[in-house]
Amino acid sequence: MLSKIEQWIDETNRHYESHRISCDKFINEFDGFYTKSFLENAFFVVVNTIPKPDFPGLREMGLGDLIDMHVDGITYKNTYYILPHVVNNLRIHFHELVHVAQWEFLGASNFIERYIREINHHSYEHAPLEEMAYGLDAHYSNGAEKIDIQNYVSEKI
Ligand SMILES: [Zn+2]
């Protein structure tokens with residue numbers, strides 16, 4: 001099942017590849033938090049409907065709530081998808097980029113496995129991978145000191 005999810009993610013990212021925008025446009029805004037090379041290898045796509053996998057078996061794995069939940073953004077590997085109304089919301093971009101760093105550090109199959117386990121054990125709001133992302137986007141939007149997010153992720157995850 002994990003490899004099926006990853007396969008769906010790769011297909012989705014390929015499908016939207018020509019529409020993706022490089023996050024290097026945030027080099028100034030996120031200076032001190034995300035490096036230039038990290039941002040050059042991260043992308044976002046503005047979509048009217050957030051793409052989510054919904055094939056048989058996912059709901060049995062306890063992912064029904066996540067599939068049905070309304071979200072403004074979602075991250076698959078180095079690409080995140082956001083709705084048009086949040087396209088200028090830097091905090092959302094910051095949040096999804098934390099997930100890009102998590103995907104990168106854990107690797108795809110570990111990220112998927114862990115994320116599903118956390119959602120099932122803690123619910124979405126209290127999943128540690130989400131709490132980390134929400135904590136860091138709040139830190140950023142409060143104008144607090146700059147921290148290297150990739151470093152932070154590698155130490156705290
Ligand atoms: Zn999140």
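Note that the structure is a prediction, hence the values are computed from the model and not measured. (Residues numbered from 1 in each chain as written. Predicted model: local features only at pLDDT ≥ 70, side-chain atom pairs only at ≥ 80, totals over all residues. Heavy atoms only, no water.)

Remarks on helix α5 (residues 108–126)
For the record, the criterion: Here a strand is any run of E in DSSP of at least two residues, a helix any run of H or I of at least four, and the numbering for each starts at the N terminus. Expected helix span is computed as 1.5 Å times (number of residues minus one). Here the bend at a residue is taken as the angle between two axes, fitted respectively to the seven residues that end there and the seven that start there. Per-residue accessibility, obtained with a 1.4 Å probe over protein chains only, is compared with the maximum for each type, and a residue is labelled buried under 20%, exposed over 50%, and partly exposed between these values. When checking whether two residues touch, look at their non-hydrogen atoms; a contact exists if any pair is within 4.5 Å.
Taking 1.5 Å per residue, 19 residues should reach 27 Å; α5 reaches only 21 Å between its end C-alpha atoms and comes up short. Of all the bends in α5, the greatest, near 90°, is centred on N120. What α5 keeps buried is the set A108, F111, I112, Y115, I116, E118, I119 and Y124. Of the surrounding secondary structure, the elements contacted by the buried residues of α5 are α1 (2–15), α3 (59–68), α4 (90–106) and α6 (128–141).

Focus: the environment of I112
Turning to its location among the elements, I112 is positioned in helix α5. Take I112: its relative accessible area is 5%, and that puts it in the buried class. Note: C-alpha distance between I112 and S3 (109 residues apart in sequence) is 9.3 Å. Contacts of I112, omitting those with residues within four sequence positions, involve L2, I5, E6, I9 and W103.

Quick notes on the coordination of the zinc ion
Keep this limit in mind: Because water is not among the atoms used, a metal site may look incomplete, as its donors are only the N, O and S atoms within 2.8 Å, or 3.2 Å for Na, K and Ca.
Here the zinc ion is held by H95 (NE2), H99 (NE2), E130 (OE) and E130 (OE), and the distances to it run 2.0 to 2.6 Å. The sequence motif formed by the donor residues of the zinc ion is H-x3-H-x30-E. Separated by 31 residues along the polypeptide, H99 in helix α4 and E130 in helix α6 bring together distant segments of the chain. You can call E130 buried: its relative accessible area is 3%.

Details of the sheet that holds strand β4 (residues 79–82)
Threshold: A pair of strands is treated as paired once DSSP finds two or more bridges between them. Fitted lines through C-alpha atoms serve as axes, helices being fitted only where they are in contact, and the angles separating the N-to-C directions of these axes extend from 0 to 180 degrees.
Across the sheet, four strands lie side by side as β1-β2-β4-β3; this open sheet has mixed pairing. In this open sheet, the two strands that pair with only one neighbour each are β1 (21–22) and β3 (73–76). As paired strands, β1 and strand β2 (residues 43–46) are joined by two bridges and run antiparallel to one another. Each bridged residue has a counterpart across the sheet, and for I21 the counterpart in β2 is F44. Docked against the sheet, α4 engages β2, β3 and β4, running at close to 20° with respect to β3.

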